[in-house]
Structure formats: C-alpha cells, structure tokens
Amino acid sequence: MSESNASATRITPGNALRPEDIASSSAKPTAEVAEYALRLGDDSLILAQRLGWWISRAPELEEDVALGNIALDLMGHARSFLTYAGHAWGKTEDDLAYLRREPEFRSAHLFEQPNGDFARTIARQLVVSHYQFELYSRLVESTDATLAAIAAKAVKEVDYHRDHASQWVRRLAQGTEESHNRMISGLTLTWPYVEELFTDDPLIDSLGDAAVLPSTLRKPFDALITALFAEAELQVPAVPGAIGGGRHGCHSEHLGYILAEMQVLAREHPGATW
Amino acid sequence: MTGGSTTGDDGAKAPSTGVHEKREPWPLWEVFVRSSRGLSHVHAGSLHAPDAEMAVRNARDLYTRRNEGVSLWVVPASAIVSSDPDAKGQFFESSQGKDYRHATYYTKSDGVKHL
C-alpha cells in the first residue's frame with residue numbers, strides 16, 4: 001500500500017512473510033534442505049487437517065475458533081515449508097499436499113494420531129506446540145535464510161499454541177474428576193509418540209547448521225513439561241516409545257484416511273479452483 | 001465407509017465412566033479492544049469463557065484476528081451496571097435544550113484573543 005493511500009484508521013493485514021512471497025522468491029533449497037522442509041511442512045499439514053475436524057465440535061463456539069485458528073496457523077507454516085521444498089523439484093505446494101502418496105509423506109506419527117476427546121487433542125497440542133516452539137526458536141538461526149524466515153514467523157504463533165495447550169492442561173487436570181481422568185488418559189495415549197520427534201537421523205546430520213538436531217530439543221522440552229506437570233499435579237506417563245518411521249514414509253493406519261479426505265477433491269477434479 | 005468424516009474418530013464418545021453432568025454454560029464476558037492508533041479501548045463485543053484468563057485468549061482469537069488491536073480488556077458481563085432503558089426520559093432528556101451547557105452558547109468578550 002502506498003503512503004498516499006494509508007489511512008489512520010484502516011486496518012492492514014500487516015507485512016509478515018507469506019507463502020506467496022516464498023513462491024515468488026528465487027531461493028532454491030538444496031535436495032537435503034528440501035527433504036527437511038518437507039518433514040516440517042508435513043507435520044503441520046497433517047495436524048492442521050486433524051484439528052479442522054473440531055470446528056463445530058469443540059466444547060464451546062469460542063473453542064471451535066481457537067482450535068480453528070491454530071489449525072490455520074499450522075496450515076500457513078505447512079504452505080511455507082512445502083512451497084519452499086517444492087522449489088527443489090519444480091513442484092507447487094498443492095502438488096506436494098494433494099498429489100503425493102502415503103509413503104511419500106514425512107510427518108512423524110504424533111501428528112496423525114486421532115483427535116480422541118478434547119483432552120486427548122489438548123495432550124497432542126501440548127507436545128506438538130512445545131516441540132515446535134523449541135525447534136523454531138533455534139531454526140531462526142539456520143544458515144538457510146528461507147528456513148530461518150519461516151521459523152521467525154512461525155515461532156510467535158506456536159508460542160501462542162503452547163500457551164493455549166498449557167492453559168487447558170491445567171484446567172482439565174485440576175477441574176473435575178472426569179476432566180482429570182480424561183487428561184491423564186489423553187497424555188498416556190499421546191506419550192508413546194513423543195520419542196520419534198527427538199530422534200536424529202542421517203539427513204539431519206548432513207544438514208549441519210541449516211537444521212536443528214532434534215535430540216538437542218529434548219532437554220528443554222522435558223524441563224518445560226516437568227514444570228507444567230508439577231504445577232498441574234500430573235505425572236509424565238511411564239509408557240514405552242512407539243515404533244516411529246514417519247520420517248521415512250512408514251505411517252500408521254491413520255494417515256491413509258486423512259489423505260483420502262484431504263486429497264479427494266484435488267484428485268477428482270485436478271486443478272479445480274473456486 | 002460409515003458416513004461422516006474419516007479424519008474424525010471417536011471424539012464424540014465418552015470414555016470410562018459415562019457420567020454426563022449437566023454443564024453450566026460458560027459465563028459471558030464483554031471485550032474491549034484498543035487499536036494501534038486508538039487512544040482508548042472500545043467495546044468490540046462479547047464472548048463466553050470459563051474464566052478471565054481464557055476470556056482474554058478467546059478475545060484475542062475472536063476480536064483481533066485481522067490485526068485490529070494492540071491491547072485487550074475483558075470484563076465479566078455481570079459486573080457491568082447499565083442505565084435503565086425505561087428511564088430514558090429522566091436520565092437523558094433533561095440535558096436537552098440546555099444550550100448554556102455548551103461553549104457555543106456564550107459570546108466571546110471583547111479583548112479575549114486566541115479563543
């Protein structure tokens with residue numbers, strides 16, 4: 001907007017980094033950075049699709065909007081990461097989101113876990129938001145300028161997601177007996193999928209300072225969760241880690257259903273717009 | 001397929017006890033937003049929230065989605081005391097016609113400059 005059109009009262013959308021800016025940029029990631037961006041993008045894309053289910057189903061209208069907002073933030077991060085990754089292969093964000101098959105998705109298993117009841121969704125949000133906050137607050141120093149820019153935008157948003165999840169964990173844990181039991185049940189179902197998030201592998205090793213080593217995030221993650229749980233009088237569930245494999249395209253039975261719903265329109269009507 | 005969303009699941013099912021207490025609706029809060037160029041908070045609307053902390057968060061989600069604000073106030077709707085709509089006459093009509101309460105009623109005295 002030019003200065004002459006600027007008005008004292010008009011509300012502007014602001015000028016944060018948008019996926020469209022990345023699409024029109026000539027920055028091209030290396031093959032390894034593209035693979036890494038695909039992982040980060042797929043995590044957010046799959047969770048956004050999961051969270052969208054809550055709209056009209058949350059405990060109150062206000063919570064529909066809160067979860068919907070979080071889903072849209074995640075969708076924005078996914079669009080940025082996938083757009084950037086696509087530059088390496090001449091593909092668009094839509095090509096990557098709608099036209100890949102299940103084994104080509106690189107999301108960790110946590111993101112495709114069922115919504116369950118509200119407490120289970122909050123448990124998943126708690127883990128995801130704390131993990132992503134620790135990740136993005138370090139990725140802002142990536143040697144890859146585009147990854148750093150996406151992280152700088154995303155970190156403020158996941159900071160809010162972190163707060164949202166923590167508020168609810170406190171309330172559910174210390175609410176009624178029913179909400180307390182549901183919170184514990186939600187955390188117990190979620191915790192086996194925590195380990196995969198913090199596992200290093202050769203791709204990450206090859207990226208050096210362009211990426212963040214997942215294993216380095218575990219300590220700060222645990223510290224924050226331990227502090228919150230102490231306050232909410234919860235225990236970290238003593239459950240073994242599940243077998244991962246999402247980063248290599250081995251997914252649970254859930255992802256296929258998510259993709260079927262997410263991709264059906266694009267596959268039935270290629271190039272459809274409205 | 002059994003109909004409905006495939007990405008949804010057993011979210012609607014209650015686990016374990018099956019106890020369904022009748023839940024009180026969340027209380028109502030009034031929301032005031034100060035825009036970046038505004039000097040004061042302006043009433044934006046209302047919302048439901050279980051407590052004050054969540055009310056501020058819900059206000060953020062509902063009333064500042066489009067970059068509208070830099071500060072939020074929430075007030076329990078029950079804490080607001082309003083004038084009686086049936087008492088309009090005694091409350092608000094008495095000030096009508098009292099033009100001596102407006103500066104324009106008075107004529108400027110000679111010799112007063114810069115007024």
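Residues numbered from 1 in each chain as written. Chains lettered and ligands numbered in written order. Predicted model: local features only at pLDDT ≥ 70, side-chain atom pairs only at ≥ 80, totals over all residues.

With that settled, consider the nonpolar core. Nonpolar side chains in soluble globular proteins tend to be buried together. Grouped together as the largest cluster of nonpolar side chains are 69 residues, with contacts concentrated most on Ala37(A), Leu51(A), Phe81(A), Ile122(A) and Val169(A). With twelve residues, helix H6 (residues 118–139) of chain A is the single largest residue contributor to this core. (Core = buried A, V, L, I, M, F, W, Y, C linked by C-beta atoms within 7 Å. Buried ≥ 20, exposed ≤ 12 C-beta atoms within 10 Å, placed from the backbone. Helix = DSSP H or I, 4+ residues; strand = E, 2+ residues; numbered from the N terminus.)

So, about the packing of H6(A) against helix H7 (residues 145–173) of chain A. All names here are of chain A. Where H6 contacts H7, the axes come no closer than 7 Å and their chain directions differ by 145 degrees. Between H6 and H7 lies a crossing whose hand is left-handed. Here the residues of the contact of H6 with H7 sort into 16 nonpolar, seven polar and two charged. (Axes fitted to C-alpha atoms, helices over the stretch in contact; angles between N-to-C directions. Left-handed = near helix turned anticlockwise from the far one by under 90°. Nonpolar A, V, L, I, M, F, W, Y, C, P; charged D, E, K, R; others polar.)

Our focus in this paragraph is H6(A). Helix length check: H6(A) (22 residues) gives 30 Å between terminal C-alpha atoms against 32 Å at 1.5 Å per residue, within 8%. Within H6(A), 20 of the 22 residues are buried, which leaves the element mostly enclosed by the surrounding structure. (Expected span 1.5 Å × (residues − 1).)

A few words on the environment of Arg79(A). Residue and element names in this part refer to chain A. By the element assignment, Arg79 lies in helix H3 (residues 61–86). Sequence separation between Arg79 and Ala165 is 86 residues, and the spatial gap between their C-alpha atoms is 23 Å. Setting aside residues up to four positions removed in sequence, Arg79 forms contacts with Pro19 and Glu93. (Contact = placed C-beta atoms within 7 Å.)

Glancing now at unusual backbone geometry. Residue and element names in this part refer to chain A. You will see that Ser56, though not glycine, has its phi angle at about 85 degrees, which is positive. If you trace the backbone, Ser56 turns up in the loop between helix H2 (31–52) and H3. Accessibility expressed as a C-beta count within 10 Å gives 8 for Ser56, which makes it exposed. We note that Glu233 has phi near 55 degrees; this positive angle belongs to a residue other than glycine. Mapped onto the elements of the fold, Glu233 is located in the loop between helix H11 (218–232) and helix H12 (253–268). Classification of Glu233 as exposed rests on a count of 10 C-beta atoms within 10 Å.

All right, on to the environment of Arg57(A) then. Mapped onto the fold, Arg57(A) is located in the loop between H2 and H3. In sequence terms Arg57(A) and Phe118(A) are 61 residues apart; their C-alpha atoms lie 9.4 Å from each other.

Next up on the list: the packing of H3(A) against helix H1 (residues 52–63) of chain B. Between H3(A) and H1(B), the least distance of the axes is 9 Å, while the angle of their chain directions is 65 degrees. Classified by the interaxial angle, the pair formed by H3(A) and H1(B) is roughly perpendicular. Pair H3(A) / H1(B) crosses with left-handed handedness. Contacts from Glu62(A), Val65(A), Ala66(A) and Asn69(A) of H3(A) reach H1(B) at Asn58(B), Asp61(B) and Leu62(B). (Parallel < 35°, antiparallel > 145°, perpendicular 65-115°, else oblique.)

Another point: the confidence of the model for chain A. When pLDDT is averaged along chain A, the result is 94, and 96% of the positions lie at 70 or above. In the model, residues 1–6 of chain A has pLDDT below 50 throughout and makes two contacts with residues more than four positions away in sequence or in other chains. (pLDDT = per-residue confidence, 0-100.)

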